[in-house]
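# Remarks on the overall topology
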Amino acid sequence: MTNPLLAETGLPSFSQIQPDHVEPALDETLRRNREELEQLLASDVESDFLTAIAPLEEMQDRLHRTWSPVSHLQMVKTSDELREAYNRCLPKLARYATEMAQDARLFRLYKSVNDSLESQEETPERKLLEHALRDFHLAGVDLPEDEKKQFSEIMEELSQVQAKFEQNLLDSMAAWSHHETDEQKLCGIPAAVLDAARNAAEEQDMDGWLLLLNQPTYIAVITHADNAELRKDFYTAWVTRASDQGQASDEFDNTALMEDIMGLRHRAAILVGFDNYADYALASRMAGSVAEVTEFLEQLAKVAKPAAVNEFKELQDWTGKKLNAWDVAYYAEKLRLKNFSISDEELRPYFPLERVMDGLFQVMQQLFGLTAREEQDIDRWQPEVRYYSLVNDRNETIGGFFVDLYARRNKRSGAWMDECVLRKRSKSGVQIPVAHLVCNFTCPASDKPALLTHEEIVTLFHEFGHTLHHLLTRIDYPSVSGINGVPWDAVELPSQFMENFAWDPDVVRDMSSHFETGEPLPDDLLLKLQASRVFHSGLQMVRQIEFSLFDWRIHSEYDPDKGARIREILGEVRDAYSVIESPPFSRFENSFAHVFGGSYAAGYYSYKWAEVLAADAFAAFREAGLFDRKVADRFRETILEVGGTADIGAAFQAFRGRAPQIEPLLEQAGIVTTGKQS
Ligand SMILES: [Zn+2]
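Residues numbered from 1 in each chain as written. Predicted model: local features only at pLDDT ≥ 70, side-chain atom pairs only at ≥ 80, totals over all residues. Heavy atoms only, no water.

## Here we look at helix α8 (residues 215-224)
Quick note on the threshold: Partly exposed residues are those whose accessible area sits between 20% and 50% of the maximum for their type, while under 20% is buried and over 50% is exposed, using a 1.4 Å probe and protein chains only. In this text, helices come from DSSP runs of H or I with a minimum length of four residues, and strands from runs of E with a minimum of two, each type numbered from the N-terminal end. Contact definition: two residues touch when any of their heavy atoms are within 4.5 Å.
Among the 10 residues of α8, 8 are classified as buried, and the element is accordingly described as predominantly covered. Taken together, the buried positions of α8 are occupied by Pro216, Thr217, Tyr218, Ala220, Val221, Ile222, Thr223 and His224. Packing partners of the buried residues in α8 comprise α7 (191-203), β2 (209-212), α9 (228-239), α13 (325-340), α14 (344-347) and β9 (434-441).

## Remarks on the pattern of salt bridges
This is how it is decided: Here, a salt bridge means any side-chain nitrogen of Lys or Arg that lies within 4 Å of a carboxyl oxygen of Asp or Glu.
For the coordinates displayed, the defined rule picks out 55 salt bridges. Glu130 serves as the salt-bridge partner of Lys127, at 3.3 Å between the closest nitrogen and oxygen. In this pair, Lys127 and Glu130 are both assigned in helix α5 (residues 124-138), 3 residues apart and thus about one turn of the helix distant. Within the structure, one salt-bridge network assembled from shared partners comprises Arg553, Glu557, Arg565, Glu568 and Glu572.

## Let's talk about the domain arrangement of the chain
Formally: Residue ranges assigned to each domain were obtained from an automatic or database domain assignment.
Here the domain parsing of the chain yields domain 1 (4-101 + 103-138) and domain 2 (175-252). With centres defined by C-alpha atoms, the gap from domain 1 to domain 2 works out at 43 Å.

## Some thoughts on the coordination of the zinc ion
Four donors placed tetrahedrally around a metal ideally meet at 109.5 degrees, and six donors placed octahedrally ideally meet at 90 or 180 degrees. As a reminder of what qualifies: Water is absent from the atoms considered, so a metal site may look incomplete; donors are defined as N, O and S atoms within 2.8 Å of the metal, or 3.2 Å for Na, K and Ca. Square planar and octahedral sites, with four and six donors, are those where opposite donors lie more than 155 degrees apart and all other angles lie between 65 and 115, tetrahedral sites have four donors with every angle between 85 and 135 degrees, and the rest are irregular.
Only His462 (NE2), His466 (NE2), Glu492 (OE) and Glu492 (OE) from the protein reach the zinc ion as donors, at distances of 2.1 to 2.7 Å. For the zinc ion, the 4 donor atoms in the first shell make angles of 53 to 140° at the metal, a pattern classed as irregular. Donor residues binding the zinc ion come from one chain and are separated in sequence as H-x3-H-x25-E. In this pair, His462 is assigned in helix α16 (residues 454-471) and Glu492 in the loop between α16 and α17 (493-499), connecting sequence segments 30 residues apart. For the pair shown, His462 and Glu492 are each scored as buried.

## Points about the nonpolar core
Keep this limit in mind: Within this scheme, the nonpolar core is defined by two criteria: the residues are buried Ala, Val, Leu, Ile, Met, Phe, Trp, Tyr or Cys, and they are joined through side-chain atoms within 4.5 Å.
With 171 residues, the main nonpolar core has Phe351, Phe401, Phe461 and Phe596 as its most contacted residues. Sort the elements by how many residues they give to this core and helix α23 (residues 605-624) lands first, with 11 residues. Those residues in contact with Phe596, other than ones at most four positions away along the chain, are Gln162, Phe165, Met258, Ile261, Met262, Arg265, Phe550, Ile554, Ile566 and Glu589.

Laid out in structure tokens, this is it:
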């Protein structure tokens, strides 16, 4: 029997992959890679880029081919068996990664190839080598043996503890549900969510409705449920996930793990010569120093907080009472309705999924001359998943992407893009990149098409921006193609840039079509939608800054004598910037997977950082005409195609003709106006 995870070409055979394929495939891939590495290092042929580095890129791609389908399935269709296999593999992967990153012979190989490069030009090859050498340094490759070993143990432990953090979160969510038989108590909740809850109850042979703890249900309840007790229940369950305050079992409490995670990160940073983990993280970022990031956030906070205070005061005044944390979204929605008389549920009928996807693809066509062509005969993990080829105007397929849009049990919440196949050039030609675009939209009821809220459309455009970043790359080396090697604080530039199109009046009109009448979104609704964009943008910005500063401070101020001071620092940040009071039982930090799960550690600020870049980039399109081909081509060439081979500050400068400015974002958020309109 062949193991589908060992296929060397084509798309993964998702439907064939079984949990018992996972460990043998990984073992075999790691064995082959180690064997080839030894051969490479033993070879006494004088090494140049082609003979030494290209094979290393091949190994990276081979490991990606084995592991990417596993980590993808673990996120979109997990099971106990898959999770066990996945967990057994994590330490092996971490060990391999550390081994590669700490191999002094490998370091010397990169160094000698780098030294042998004659041209001083900033070629992709040179950038790849620079990145590799930097990363060797960050992995402590120049440490004495015993410290090197220590570093590797810390990293291995860290990856396990972070994974456990994420699992506790999933488990604590799966363990909680709200069963309701009294329809009266569900007043206000959108029908689509109630349909799903009724189905969930039926599946369990229960009467009434079973509301599960997932993101769409939580947002629907907290925003729309008239029953304050129900909102409080859901809010409490949501902000106490994986904590000592949670209603699920204590075994899912993340508190101790978070302390461990912070300690391990700090120790790793110190070992390789940095002051703290934030400092360590900056070595591969666009931002230059701890102070620069702190100042950037404080500068934004200074402008945003007064706006947020006004917005909240206006809301409280309007309701005439002191609002609890679980009331804010509900009354904000009511105020938004009053001011803009527009609700998500009013908009939904105008945005059938098919039409929205067409609208999105139309934008891509106008900007870049690319077409998305749906393919039927592609193996997938779930029947509703779709696959598209990305075709250029010469009818050449330059990439592909899977689209998995609906929330399911055993699927991680949120939305994301993931790499399925990496772009690379080998003897047999170019391997075209393939992406996963994953969302958690509410599953359509059986008698209606899927209808999206505008927020879901923005999410879709966002993830599509990441998808384009992965697919449009022209770089032939997996380690620096697409989003690889792109500084974390700039990686959200293409995604947040694309969001702006989901707000453009012409784009929105074109992608709307009432699912019963075919009528486009009427102009009055369109205008209100535009106005609603800046509704409570001060409150939202303050919240993002609060998350960012919390993340930044726990990493930059870590002190081994005092521990991580997680709750203390969160309290200080809230005292300084928060506008909405959190109840004492809130343990939101215990479910802050962005930070404690690892991917955005000391990096949450990058959302705002990249938003500034994105708003400023979009302003260039506004100035030239939204679909100006020259501007689009320049954006594609300077930003989307270069992967991790460009200095992103310089790339932005090349695109915009100047350094990024903060004003377009503040203007976009309605926090400052240029005065031009008035
Ligand atoms: Zn993103």
